Structure formats: C-alpha cells, structure tokens
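Commentary on secondary and tertiary structure
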Amino acid sequence: GESVGLHLPTLSVQEGDNSIINCAYSNSASDYFIWYKQESGKGPQFIIDIRSNMDKRQGQRVTVLLNKTVKHLSLQIAATQPGDSAVYFCAENFAGTYKYIFGTGTRLKVLA
Amino acid sequence: DAGVTQSPTHLIKTRGQQVTLRCSPKSGHDTVSWYQQALGQGPQFIFQYYEEEERQRGNFPDRFSGHQFPNYSSELNVNALLLGDSALYLCASILRVGQGVQGYTFGSGTRLTVV
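Summarised in this report is the structure supplied together with it. (Residues numbered from 1 in each chain as written. Chains lettered and ligands numbered in written order. Predicted model: local features only at pLDDT ≥ 70, side-chain atom pairs only at ≥ 80, totals over all residues. Heavy atoms only, no water.)

Description of the sheet that holds strand S1 (residues 5-7) of chain B
Residue and element names in this part refer to chain B.
- Ordered in space as S1-S3-S8-S7, the 4 strands form an open sheet in which the pairing is antiparallel. At either end of the open sheet lies a strand with only one pairing partner, and these are S1 and strand S7 (64-68). The sheet shows a mean angle of 20° between the axes of neighbouring strands, taken without regard to direction.
- Pairing of strand S3 (residues 19-24) with strand S8 (residues 74-78) involves 5 bridges; the strand directions are antiparallel. Residue pairing in the sheet places Leu-21 in a bridge with Leu-76 of S8. (Pairing = 2+ DSSP bridges. Helix = DSSP H or I, 4+ residues; strand = E, 2+ residues; numbered from the N terminus. Axes fitted to C-alpha atoms, helices over the stretch in contact; angles between N-to-C directions.)

Quick word on the sheet that holds strand S2 (residues 19-24) of chain A
All names here are of chain A.
- Across the sheet, 4 strands lie side by side as S2-S7-S6-S5; this open sheet has antiparallel pairing. Pairing within the sheet leaves two strands with one partner each, and these edge strands are S2 and strand S5 (56-58). Across the sheet, the mean angle separating the axes of adjacent strands is 15° when strand polarity is ignored.
- As judged from the 6 bridges shared by strand S6 (residues 62-67) and strand S7 (residues 72-77), these two strands associate in the antiparallel manner. Bridge pairing links Leu-66 to Leu-73 in S7.

Let's talk about the packing of aromatic side chains
- Following the criterion strictly, the structure yields 13 aromatic pairs over all chains and no others.
- When the ring of A:Tyr32 is compared with that of A:Tyr100, the centres are 6.2 Å apart and the planes differ by 65°; the resulting orientation is edge-to-face. Of this pair, A:Tyr32 sits in strand S3 (residues 30-38) while A:Tyr100 sits in strand S9 (residues 100-102), placing them 68 residues apart in sequence.
- Residues A:Tyr36 and B:Phe106 carry aromatic rings whose centres are separated by 5.3 Å and whose planes lie at 85° to one another, so their mutual orientation is edge-to-face. With A:Tyr36 in strand S3 and B:Phe106 in strand S10 (residues 105-106), this residue pair bridges two chains. In terms of burial, A:Tyr36 and B:Phe106 fall into one category: buried. (Phe/Tyr/Trp six-rings, centres within 6.5 Å; stacked < 30°, edge-to-face > 60°. Buried < 20%, exposed > 50% of the residue type's maximum accessible area, 1.4 Å probe, protein only.)

Below you can see the structure in the form of structure tokens.
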C-alpha cells in the first residue's frame, strides 16, 4: 500500500508500552471530536469519539482526554501492539455541521 | 454489510484533463462528504452532499464539483486538472437524519496522479 504520511511527526514506542498521541484543535466552538487511525493504503478508521461536555472517555485499550481550556486532545493506547502502527488523526466538528477538520496527524511506530 | 466503496482505486490523468470519481455510501447512510488528502497531510474537506444538494463546501475552487444521486451514491468531478490535484480522494458517509453528529465511515480512497 501507499504511505499516507511520509513527513509526519513520528512516535516510536516499544511493544507493550503505553502510547500517548497529542493534538491541538483549532476552534473553541467545536463540540465533537474523533480520533481516526489510518493504515497504509486505507481510509481513516474510527477509533473513539468524545463530546465537549466530557473530559475523558474510555474504550477498549484506548482513552481520549479533552482539555477545552487549552484546546488539546490526547489519545492514550494501552499495551501498544504491532497492529497499532499507523497514522493517527484527530478531527473536530463545528457544532453539528457534519464538517470535520482534521489535524496534521502523527505516525505511531511500534517496535518489537 | 458493505462499507463505503470507491472507484477507481487508482487513476493517472494528464494536466488539463477532467476526472470523475465515484462513491457508494455505507448501507443506510444518506450523507456523503469528500475529502482530499495530500501526501503527508490530514484529509481536507471538499464538500458534503445531502438530499442531492451540496450543503457545505470547503476552500476548494469551482473546478471541483459533485453530485449525489437518489440512491445516495455520489460523484466528485475535477476539471482542468493541475499537478497539485494529485492526492488521495476520500469519500465518507454518515446517516444524518435524526442521528445527530457522529463519526463518518470512510472508504479506502481513490489515488489520483496528475502528470
């Protein structure tokens, strides 16, 4: 498949360690946020979402934290596995517009 | 349950030509958005179609146009292709009616190369 992010910031973590991927979003009026995972040659895949009335949401092995004060979003992946290697994007939604603005992305590399 | 399907998967065109990309949304979805993803960047919103009308548009020139059909499928047309139009074009769908805001389901994209 083709690489989706040759020049993206890269986070390298050892298999089994926890990963933290950060994102700064742009609009203080955004009220819904999503983390997407994009593997080479594929479209973005939904991981987890959070609404602006929450500051934390947990899924299976993943946790999203939202800090509206500083417009910051983070994705925590517990016990990182080789299959987690991909590019991760945060996306924000403006108040029910169905239009998502994506961040620049972070490449996660899991080291065996 | 089929997800979002896009065709073709790869395409090579010459500068100045026109191209049409196609998208079938996930079963049950009624809204389609198109995104352009240049290499090394996040997807950029082009426009969104709902009830066969363009509802929102990103910062793209009029060379980019689209259509939605009664069966909710959609086309993206790009005229007068430029080298800078080379990118992965992603289609995403969602059920808009009565569901509120939620995440889109994306297709695998069409890789367009303009030479």
